[in-house]
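A look at the structure
As a plain string of letters, each chain reads:
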Amino acid sequence: MSKEKTLELLRNTEEYLSGQKLADELRVSRNTIWKYIKALQTEGYEIKSQTNRGYRLDKTTGRLSLTE
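Residues numbered from 1 in each chain as written. Predicted model: local features only at pLDDT ≥ 70, side-chain atom pairs only at ≥ 80, totals over all residues. Heavy atoms only, no water.

Further remarks concern the pairing of strand S1 (residues 47-50). With four bridges joining them, S1 and strand S2 (residues 54-57) adopt antiparallel strand pairing. If you follow Lys-48 over to S2, its bridge partner there is Arg-56. (Pairing = 2+ DSSP bridges. Helix = DSSP H or I, 4+ residues; strand = E, 2+ residues; numbered from the N terminus.)

Time to look at helix H2 (residues 19-26). Side chains of residues three or four places apart in an α-helix project in the same direction, reflecting 3.6 residues per turn. Listed as buried for H2 are Gly-19, Leu-22, Ala-23 and Leu-26. Taken down its axis, H2 places every buried residue within 100° of arc, on the same side. Turned more than 90 degrees away from the buried face of H2 sit Asp-24 and Glu-25, all of them exposed. The elements touched by buried residues of H2 are helix H1 (2-11), helix H3 (30-42) and S2. (Buried < 20%, exposed > 50% of the residue type's maximum accessible area, 1.4 Å probe, protein only. Arc of directions from axis to C-beta. Contact = heavy atoms within 4.5 Å.)

Before going further, it helps to examine the nonpolar core. Core analysis: the largest hydrophobic core is formed by 15 residues, its most contacted members being Leu-10, Leu-22, Ile-33, Ile-47 and Tyr-55. Contributions of two or more residues to this core are made by H1, H2, H3 and S2. When residues in this core are grouped by element, the largest group, four residues, is from H3. In contact with Leu-10, not counting residues within four places along its chain, are Leu-17, Leu-22, Ile-37, Ile-47, Tyr-55, Arg-56, Leu-57 and Lys-59. (Core = buried A, V, L, I, M, F, W, Y, C linked by side-chain atoms within 4.5 Å.)

Now the structure itself:
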């Protein structure tokens with residue numbers, strides 16, 4: 001599922017990832033990325049967002065995905 005792929009991409013970088021870069025990587029719209037981010041946040045993942053930079057997973061999040 002692409003929500004899990006979004007989480008994987010965020011986990012594999014220390015930098016912010018733009019919504020456009022995530023959308024291009026997953027071949028979905030930026031709106032879909034926003035929905036994935038909101039769903040992950042609802043599940044307890046601390047994902048920071050910053051205008052003109054993108055999204056970044058807070059590494060202090062102790063949450064594990066189902067595959068972990």
